[in-house]
Amino acid sequence: MIFKSHLISMLVYSIIISTLLACIKYDEKKDIIRYGVKLLIFMVCGVIVFSWLMYYL
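These numbers were taken from a predicted model, which means no experiment stands behind them. (Residues numbered from 1 in each chain as written. Predicted model: local features only at pLDDT ≥ 70, side-chain atom pairs only at ≥ 80, totals over all residues. Heavy atoms only, no water.)

1. Some points on the packing of aromatic side chains
Thinking step 1. Under the counting rule described, the total for this entry stands at three aromatic pairs.
Thinking step 2. With a centroid separation of 5.3 Å and an interplanar angle of 65°, the aromatic rings of tryptophan 52 and tyrosine 56 are classed as edge-to-face. Taken as a pair, tryptophan 52 and tyrosine 56 lie in helix H2 (residues 29-56) at a separation of four residues, close to a single helical turn.
Thinking step 3. Ring geometry for tyrosine 55 versus tyrosine 56: centroids 4.9 Å apart, planes at 85°, classification edge-to-face. One exposure class covers both tyrosine 55 and tyrosine 56, and it is exposed.
Thinking step 4. Feature note: the residues Trp52, Tyr55 and Tyr56 constitute an aromatic cluster, connected by ring pairs. (Phe/Tyr/Trp six-rings, centres within 6.5 Å; stacked < 30°, edge-to-face > 60°. Helix = DSSP H or I, 4+ residues; strand = E, 2+ residues; numbered from the N terminus. Buried < 20%, exposed > 50% of the residue type's maximum accessible area, 1.4 Å probe, protein only.)

Shown next, in the form of structure tokens:
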């Protein structure tokens, strides 16, 4: 494993995937940035919630 923490691995994964999906879905730079940031926020919040649940369960 490249990173020692699963949380860091999932954060890097969410950055890569949100950037890729934003570039695929939209053509204009403004739309790409807006959608990419929104998707990144949703994914990072999901990572934090699920990692918190895994820690306590």
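2. Digging into a nonpolar patch on the surface
Thinking step 1. A grouping of Val49, Phe50, Trp52, Leu53, Tyr55, Tyr56 and Leu57 is seen on the molecular surface, where their side chains present a nonpolar patch of about 910 Å² in accessible area.
Thinking step 2. Among the secondary structure elements, leucine 57 is positioned in the segment after H2. (Patch = residues over 30% accessible without salt bridge, like charges linked within 9 Å, V, L, I, M, F, W, Y side chains within 5 Å. Areas by Shrake-Rupley, 256 points an atom, 1.4 Å probe, with all protein chains shown as cover. Salt bridge = Lys/Arg side-chain N within 4 Å of Asp/Glu carboxyl O.)

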